[in-house]
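Examining the three-dimensional arrangement
The lines below spell out each chain.
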Amino acid sequence: SQQGEEDPQALSIQEGENATMNCSYKTSINNLQWYRQNSGRGLVHLILIRSNEREKHSGRLRVTLDTSKKSSSLLITASRAADTASYFCAIHDGGAQKLVFGQGTRLTINP
Amino acid sequence: DAGITQSPRHKVTETGTPVTLRCHQTENHRYMYWYRQDPGHGLRLIHYSYGVKDTDKGEVSDGYSVSRSKTEDFLLTLESATSSQTSVYFCAISQGRDNAEAFFGQGTRLTVV
């Protein structure tokens, strides 16, 4: 079974609003990563947060990590139509160097 | 863009035939991964490689084999294709360790009829 479980599976908001996606996992991690996938394309790396970090920012993206709860969240502020995509969290276990993905959240930004 | 190329990009094959997908990188990254993507399942790891001739199984390895005889090439073989292996296959590369960001190819759409 996949290590990353994402919630919600789909999210639809108005342009300008903030979008929050959550990821839960089951085992210890070395780092957790977030990726974006536009329809029919390969995944693009957004941000990486290490197991000893609690929060990280990159432009309009904010990622938090709570290792005690085995969960992470991705916040996209001031959403734009171009943010419409699927977003995936990925668990990096460090030891075996596996990178295991969740099922993804389909985000739709309505103009 | 990271130098990673998948071939072919599209393939239709018949049930029972062997199929090989190729992933080629020009980045000299140590780690290479094969995933399949299906609706409702996200990306699932099939096999991965941590060096030349060093490979290991992922979540959904049954019916698939891999080989890595050179740093730049990672081959995925469906030994006897089945309709359940109809999917989009993605290859990814990573330096691993502290540089664990993965770069993805554009995908191969495989249809088994």
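Everything that follows concerns the structure shown earlier in this document.
First things first, this report covers the structure right here in the doc.

About the criteria used
- Residues numbered from 1 in each chain as written.
- Chains lettered and ligands numbered in written order.
- Predicted model: local features only at pLDDT ≥ 70, side-chain atom pairs only at ≥ 80, totals over all residues.
- Heavy atoms only, no water.
- Contact = heavy atoms within 4.5 Å.
- Polar contact = N/O pair within 3.5 Å; in protein donor to acceptor, adjacent residues only side chain to side chain.
- Helix = DSSP H or I, 4+ residues; strand = E, 2+ residues; numbered from the N terminus.
- Nonpolar A, V, L, I, M, F, W, Y, C, P; charged D, E, K, R; others polar.
- Disulfide = S-S within 2.5 Å.
- Buried < 20%, exposed > 50% of the residue type's maximum accessible area, 1.4 Å probe, protein only.
- Pairing = 2+ DSSP bridges.
- Axes fitted to C-alpha atoms, helices over the stretch in contact; angles between N-to-C directions.

1. With respect to the interface of chain B and chain A
At the junction of the two partners, chain B supplies 23 residues and chain A supplies 26 residues. Summed over the shared surface of chain B and chain A, the result is five residue pairs in polar contact (both at pLDDT 80 or more). Going through the elements one at a time, β4 (31-38), β5 (42-51), β9 (87-96) and β10 (99-104) of chain B are the ones with two or more residues in the side of chain B that touches chain A. Sorting elements by how many residues they give to the side of chain B that touches chain A places β5(B) first, with five residues. Among the residues forming the side of chain B that touches chain A, the class breakdown is ten nonpolar, seven polar and six charged.

2. Quick look at the state of the cysteines
The full count for this structure, using the stated rule, is two disulfides over all chains. Put simply, A:Cys23 and A:Cys89 are joined by a disulfide, and their sulfur atoms are 2.1 Å apart. Its S-S torsion of about 65° marks the bond between A:Cys23 and A:Cys89 as right-handed, since a negative value means left-handed. Taken together, the residues A:Cys23 in strand β3 (residues 19-24) and A:Cys89 in strand β9 (residues 85-92) connect sequence positions 66 residues apart. The pair formed by A:Cys23 and A:Cys89 is uniform in burial state, with each residue classed as buried. What pairs with B:Cys23 in a disulfide is B:Cys91, and their sulfur atoms sit 1.9 Å apart. The disulfide joining B:Cys23 to B:Cys91 has a torsion of about -75° about its S-S bond and is therefore left-handed.

3. Regarding the environment of A:Tyr35
All names here are of chain A. Positionally, Tyr 35 belongs in strand β4 (residues 31-37). Judged by its relative accessible area of 0%, Tyr 35 falls in the buried class. Sequence separation between Tyr 35 and Ala 90 is 55 residues; the distance between their C-alpha atoms is 7.7 Å. Polar side-chain contacts of Tyr 35 include one of 2.5 Å to the side chain of Gln 33.

4. A closer look at the sheet that holds strand β3 (residues 19-25) of chain B
All names here are of chain B. Read from one edge to the other, the open sheet built from four strands follows the order β1-β3-β8-β7, with strand pairing classed as antiparallel. A single partner strand is all that each edge strand has here, and the edge strands are β1 (4-7) and β7 (64-70). For this sheet, the mean inter-axis angle between neighbouring strands, taken without regard to orientation, is 15°. Sheet analysis places β3 next to strand β8 (residues 73-78), joined by six bridges and oriented antiparallel. Bridging from a neighbouring strand, Val 19 pairs with Leu 78 of β8.

5. Remarks on the environment of B:Ser84
All names here are of chain B. Of note, Ser 84 is situated in the loop between β8 and β9. Ser 84 sits 36 residues away from Tyr 48 along the chain, and the two C-alpha atoms are 21 Å apart. At a separation of 2.9 Å, a polar atom in the side chain of Ser 84 contacts the side chain of Thr 82.

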